[in-house]
Amino acid sequence: MSVAIEESWKKELHSEFEKPYFGKIKEFIVAEKAKGKTVFPPGPLIFNAFNLTPFQDVKVVILGQDPYHGKGQAHGLSFSVPFGITAPPSLKNIYKELDSDLGLKAPNHGNLEAWTKQGVFLLNAFLTVNEGEPASHKNAGWEVFTNAVIKAISRNREHVVFMLWGKFAQQKEVLIDTQKHLILRAAHPSPLAGGAFFGCKHFSKANKYLESKNIAPINWSLA
């Protein structure tokens with residue numbers, strides 16, 4: 001199955017694209033559309049996180065579960081929305097923590113692409129979703145693929161910061177070599193977590209770790 005994805009990722013993941021499960025993902029999406037479902041994000045943006053952050057540039061991984069399922073929200077980056085779309089509640093809480101941690105005021109948008117261009121890989125465990133149906137593609141096969149992505153980063157890169165927010169993301173720790181990488185755990189930024197995310201200081205901790213490894217820190221400002 002031919003996949004339009006950035007070259008370094010294509011090289012790193014080529015064996016995954018040849019496996020039967022990956023072809024079945026495409027079949028699943030085609031079948032959902034045949035039922036009249038609208039699938040997000042649009043096809044060209046499914047691998048947006050990969051295309052904006054090449055494999056060799058990854059410094060930080062922020063793992064989400066599912067793309068946003070509202071119209072116009074999903075653009076292939078975990079927690080991010082395109083310019084012109086109101087920041088969802090989880091993202092607003094991320095902005096509050098940025099302010100508390102680093103004194104960075106919330107921008108007037110929800111687009112996190114500026115992070116991706118510095119090596120922040122905004123990965124969702126499931127890369128597609130039906131409109132209005134959260135986790136509707138949970139069993140499509142995406143998790144097999146994204147687990148392989150996490151393993152590849154763990155195996156073939158060094159000194160990457162993994163931000164694991166919430167129980168779902170924290171289950172991925174078993175895929176990561178903790179001797180080579182930094183794991184940062186926190187509650188999910190969703191309001192449903194009752195504010196337990198606040199005070200985690202993950203942004204300053206990530207930069208402190210990167211600098212300790214002589215890696216340029218992330219400019220987290222989105223202004």
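Everything discussed here concerns the structure shown above.
As the structure is a prediction and not an experimental result, all values here were calculated from the model.

Draft legend 1. Molecular detail of the sheet that holds strand E5 (residues 161-165). In spatial order, the strands read E3-E2-E5-E6; together these four strands make up an open sheet with parallel pairing. Pairing within the sheet leaves two strands with one partner each, and these edge strands are strand E3 (120-124) and strand E6 (182-186). Put simply, the sheet's adjacent strands are angled 20 degrees from each other on average, direction ignored. Sheet topology note: the E5/E6 ladder contains five bridges and is parallel. Bridging across to E6, Trp165 finds its partner in Ala186.

Draft legend 2. Focus on the pattern of salt bridges. In this structure the tally under the stated criterion is seven salt bridges. We note a salt bridge from Lys37 to Glu133, for which the minimum N-O separation is 2.6 Å. In this pair, Lys37 is assigned in the loop between helix H2 (20-34) and strand E1 (39-40) and Glu133 in the loop between strand E4 (129-130) and helix H6 (142-156), connecting sequence segments 96 residues apart. Under the relative-accessibility criterion, Glu133 is labelled partly exposed at 28%. The salt bridge involving Arg185 is made with Glu173; its shortest N-O contact spans 2.8 Å. Separated by twelve residues along the polypeptide, Arg185 in strand E6 and Glu173 in the loop between helix H7 (166-170) and E6 bring together distant segments of the chain. With a relative accessible area of 47%, Arg185 lands in the partly exposed category.

Draft legend 3. Representation of empty space enclosed by the protein within the structure. Inspection of the entire model under this criterion finds one cavity of 30 Å³ or more. Counted as a void, the largest cavity has a volume near 50 Å³. Taken together, Ile46, Ala49, Pro67, Gly76, Leu122, Leu123, Asn124 and Leu127 form the lining of the largest cavity. In terms of residues, the lining of the largest cavity owes the most to one element, E3, which gives three residues. Partitioned by chemical class, the residues of the lining of the largest cavity number six nonpolar, two polar and no charged.

Draft legend 4. Region of interest: the layout of surface pockets. Empty space within the largest pocket amounts to approximately 480 Å³. Along the walls of the largest pocket sit 20 residues, with Asp66, Pro67, Tyr68, Ser90 and His188 positioned nearest its centre. Class assignment for the residues of the lining of the largest pocket results in nine nonpolar, ten polar and one charged.

Draft legend 5. Looking closely at unusual backbone geometry. Cis geometry marks the peptide bond from Phe40 to Pro41, where omega comes out at -10 degrees. When you line up the elements, Pro41 lands in the loop between E1 and helix H3 (48-52). Even without a glycine there, the phi angle at Phe79 is positive, about 70 degrees. Note that Phe79 resides in the loop between strand E2 (60-64) and helix H4 (89-102). Positive phi is not limited to glycine here, since His159 has a value of about 60 degrees. Locating His159 in the fold gives a position in the loop between H6 and E5. According to the relative accessible area criterion, His159 is partly exposed, its value standing at 25%.

About the cut-offs
- Residues numbered from 1 in each chain as written.
- Predicted model: local features only at pLDDT ≥ 70, side-chain atom pairs only at ≥ 80, totals over all residues.
- Heavy atoms only, no water.
- Pairing = 2+ DSSP bridges.
- Helix = DSSP H or I, 4+ residues; strand = E, 2+ residues; numbered from the N terminus.
- Axes fitted to C-alpha atoms, helices over the stretch in contact; angles between N-to-C directions.
- Salt bridge = Lys/Arg side-chain N within 4 Å of Asp/Glu carboxyl O.
- Buried < 20%, exposed > 50% of the residue type's maximum accessible area, 1.4 Å probe, protein only.
- 1 Å grid on protein atoms, 1.4 Å probe; cavity = no way out; pocket = protein on both sides within 12 Å on 5 of 7 lines; lining within 4 Å.
- Points joined across faces, edges and corners; volume = space filled by probe spheres on them.
- Nonpolar A, V, L, I, M, F, W, Y, C, P; charged D, E, K, R; others polar.

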